[in-house]
Amino acid sequence: MSDKRIVSSSHLASEKGASLSEYEFGLIIANSAFNRWMQHCAKSAGAVDLTPLDILVVHHVNHRERAKRLTDICFVLNVEDAHTVNYSLKKLLKRDLVQGEKIGKEMFYRTSEQGRIFCETYRDVREDCLTDSLKNFNFSPEKLSEMAEHLRALSSLYDQASRAAASL
C-alpha cells in the first residue's frame, strides 16, 4: 500500500480496503463542504439558520411543484429517521417556506410562495457562485452525470452493506 494515500482513518486502510478508505475520506470532506455550501447559499438567498437537511427538504418539497408526504420525502432523500425530516418540516412551516394540507389521514407538503422564491433565489446564487466555477475543472455535463451515476451505485453498495452489518 502506498504511503501517499489520503485517508481519515489509517487503521481502516488495509491493502484490501485502501482505495475504499480514500473514497470514504473524499466523501467525508465533500459532504462537509457541500453542507457548508448549502448553508451559505441559503443564507445568501435569505434563509438564515437552516440546517443542511432543512435545505434539502425545502428543495425536494419544491421539486416538480407536487405535494409530498413525509414518507415520500424520506424515501427520495434516503433518510431513515423520519422524525428528523418531520422536525425540518415543522421548522419550514413556521418560517412559511412550506405549507401543509391534510388529505385523509396524510399530511401533504408543498412550498409556499415564499418557499418558491427562496428556491429560485438559491438557484440564482448557486449559478453565480458555483456553476460557472465548474468550467475551471473541465467537467463536461456528461462527466458530471457519469460521476453522479457512480455515486448512486456506490450508495446502493453502502445500503446493502448496512443491511448486512445490521444482521450480524
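So, here's what we can say about the structure. (Residues numbered from 1 in each chain as written. Predicted model: local features only at pLDDT ≥ 70, side-chain atom pairs only at ≥ 80, totals over all residues. Heavy atoms only, no water.)

The next subject is the pattern of salt bridges. What the rule picks out here adds up to five salt bridges. For Arg69, the salt bridge goes to Glu106, with nearest N and O atoms at 3.1 Å. Taken together, the residues span a long stretch of sequence, with Arg69 in strand β1 (residues 68-69) and Glu106 in strand β3 (residues 106-111) at a distance of 37 residues. You can call Arg69 partly exposed: its relative accessible area is 26%. By relative accessible area, Glu106 is classed as partly exposed at 34%. (Salt bridge = Lys/Arg side-chain N within 4 Å of Asp/Glu carboxyl O. Helix = DSSP H or I, 4+ residues; strand = E, 2+ residues; numbered from the N terminus. Buried < 20%, exposed > 50% of the residue type's maximum accessible area, 1.4 Å probe, protein only.)

Sheets are built from strands paired through backbone hydrogen bonds, the pairs being either parallel or antiparallel. The three strands lie next to each other as β1-β3-β2, forming an open sheet whose pairing is antiparallel. Two strands close off the open sheet at either side, each with one partner strand: β1 and β2 (98-103). One ladder, built from six bridges, connects β2 with β3; its direction is antiparallel. Looking at β3, one finds that Glu101 is bridged to Phe108. Here helix α4 (residues 82-94) sits on the sheet and contacts β2 and β3; the angle it forms with β2, its principal contact strand, is near 115°. (Pairing = 2+ DSSP bridges. Contact = heavy atoms within 4.5 Å. Axes fitted to C-alpha atoms, helices over the stretch in contact; angles between N-to-C directions.)

Two strands pair when backbone bridges link them, and β1 and β3 are joined in this way by two bridges, in the antiparallel orientation. Note that in β3 the partner of Arg69 across the bridge is Phe108. Once β2 ends, the chain turns through two residues before running back antiparallel as β3, passing Gly104 with a positive phi of about 65°.

Two measures define how a pair of helices packs: the angle their axes make with one another and the distance between the axes. Taken N-terminus to C-terminus, the directions of helix α1 (residues 18-44) and helix α5 (residues 113-129) make an angle of 115°; their axes are 8 Å apart at the nearest point. Between α1 and α5 lies a crossing of right-handed hand. On the side of α1, the interface is formed by Trp37, Met38, Cys41, Ala42 and Ser44, while α5 contributes Phe118, Tyr122, Val125, Arg126 and Cys129. In the contact of α1 with α5, the residues fall into eight nonpolar, one polar and one charged. (Left-handed = near helix turned anticlockwise from the far one by under 90°. Nonpolar A, V, L, I, M, F, W, Y, C, P; charged D, E, K, R; others polar.)

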